[in-house]
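# Residue-level structure breakdown
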Amino acid sequence: MKKFPSEASSPPAVRPDYLSPSSVKSYLLCSLRFFFERVAQIRKPTTVALHIGKTIHATLQSFNLARWRGENSSETAMEEAFSTHFLELEKTEGPVDYADEKTRQKVRSCAWNTVKAYMASDEVTSQMPLGVEVGLSATIPGLPVPVRGVIDLVQHDLTAVDYKSAAAKQDTGHAAFEHELQLVTYQMMIEEATGDTPPSLDLSYLVKTKTPQVIRVKIPPADDQRKQRVADLYRIAYEDITTEHFHPQPGMQCSWCQYRKECSGWCSK
Ligand code: SF4
């Protein structure tokens, strides 16, 4: 395991080749948690929410790729894909902390019903995607490394769509604010790749309620001020990561943080 940042030797050991929206968001939320997870790479059991979120995401990817390639995207084929992803993710990212087998089956069934609701929704019937899991990068002036990301789906009009699975219906304004960094990054990537601005930056929420819901949140593309704000966040995060600024940032996130034991052992000297 890597040492605590204050014990690390110089020159700085943390020098990423690139940044991603998720890495910077994680750093900004709590820099010490970022250190434990992404620098020291301390593995923790996968939470049920993360396992299910990844299973749903992987199944939607299989579904959209099958449609895009003209392959079998039937409910039967996707149920098989869902089962495969569920089991594979348990193996590769597990153990998953399910309370017992009954809970595991109940959660699994709820997740599959949510995927079915998506496949039957207007989201699918309205149009075919231009691209699925589109990996792009953006150059930010003053940032020595590129920003890289993978967009879940790009529509023919260049609208970027990101899937989110949620336990309850989200407040639209809050969702837009919370995911601003990720969505504006996608806009910058699309602009760099195509020279055009996407007409909208969308979140597609799959809500795992008793009757699953699929809700599209549309966010207007960013103006120069919003893009500047996001670029500044990348520059600040890079500077702080490479100079090893890692310290506790207590807040709401501590209630679901898996590194509380390690965190309590932290001190700056
Ligand atoms: S317990 Fe809170 S302050 Fe400590 S590492 Fe986790 S999120 Fe950060």
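Above this text you will find the structure in question.
A brief report on the enclosed structure follows. (Residues numbered from 1 in each chain as written. Predicted model: local features only at pLDDT ≥ 70, side-chain atom pairs only at ≥ 80, totals over all residues. Heavy atoms only, no water.)

### Digging into the nonpolar core
For soluble globular proteins, the rule of thumb is that nonpolar side chains tend to be buried together. With 47 residues, the main nonpolar core has Leu19, Leu143, Tyr234 and Phe246 as its most contacted residues. Take this core: its biggest share by element is 7 residues, from helix H8 (residues 180–194). When residues no more than four places from it in sequence are discounted, the contact partners of Leu143 are Leu19, Tyr234, Arg235 and Tyr238. With 22 residues, the next largest nonpolar core counts Phe63, Trp112, Val124 and Leu206 among its residues. (Core = buried A, V, L, I, M, F, W, Y, C linked by side-chain atoms within 4.5 Å. Buried < 20%, exposed > 50% of the residue type's maximum accessible area, 1.4 Å probe, protein only. Helix = DSSP H or I, 4+ residues; strand = E, 2+ residues; numbered from the N terminus. Contact = heavy atoms within 4.5 Å.)

### Comments concerning the side chain of Thr159
Looking at where Thr159 falls in the secondary structure, it is placed in the loop between strand E2 (147–154) and strand E3 (160–166). Looking at Thr159, the relative accessible area reads 1%, which means it is buried. Polar side-chain contacts of Thr159 include one of 2.9 Å to the side chain of Asp157. In contact with Thr159, other than residues within four places in its own chain, are Leu153, Val154, Pro198, Pro199, Ser200, Asp202 and Arg216. (Polar contact = N/O pair within 3.5 Å; in protein donor to acceptor, adjacent residues only side chain to side chain.)

### Let's talk about the packing of helix H4 (residues 75–93) against helix H5 (residues 101–119)
Relative orientation of the contacting elements H4 and H5 amounts to 140 degrees, with a least axis distance of 11 Å. Considering the angle they form, H4 stands oblique to H5. As H4 runs across H5, the sense of the crossing is right-handed. Counted together, Glu75, Met78, Glu79, Phe82, Ser83, Phe86, Leu87 and Glu90 of H4 and Arg104, Arg108, Ala111, Trp112, Val115, Lys116 and Met119 of H5 form the full contact between these two elements. Its residues assigned to classes, the contact of H4 with H5 comprises 8 nonpolar, 1 polar and 6 charged. (Axes fitted to C-alpha atoms, helices over the stretch in contact; angles between N-to-C directions. Parallel < 35°, antiparallel > 145°, perpendicular 65-115°, else oblique. Left-handed = near helix turned anticlockwise from the far one by under 90°. Nonpolar A, V, L, I, M, F, W, Y, C, P; charged D, E, K, R; others polar.)

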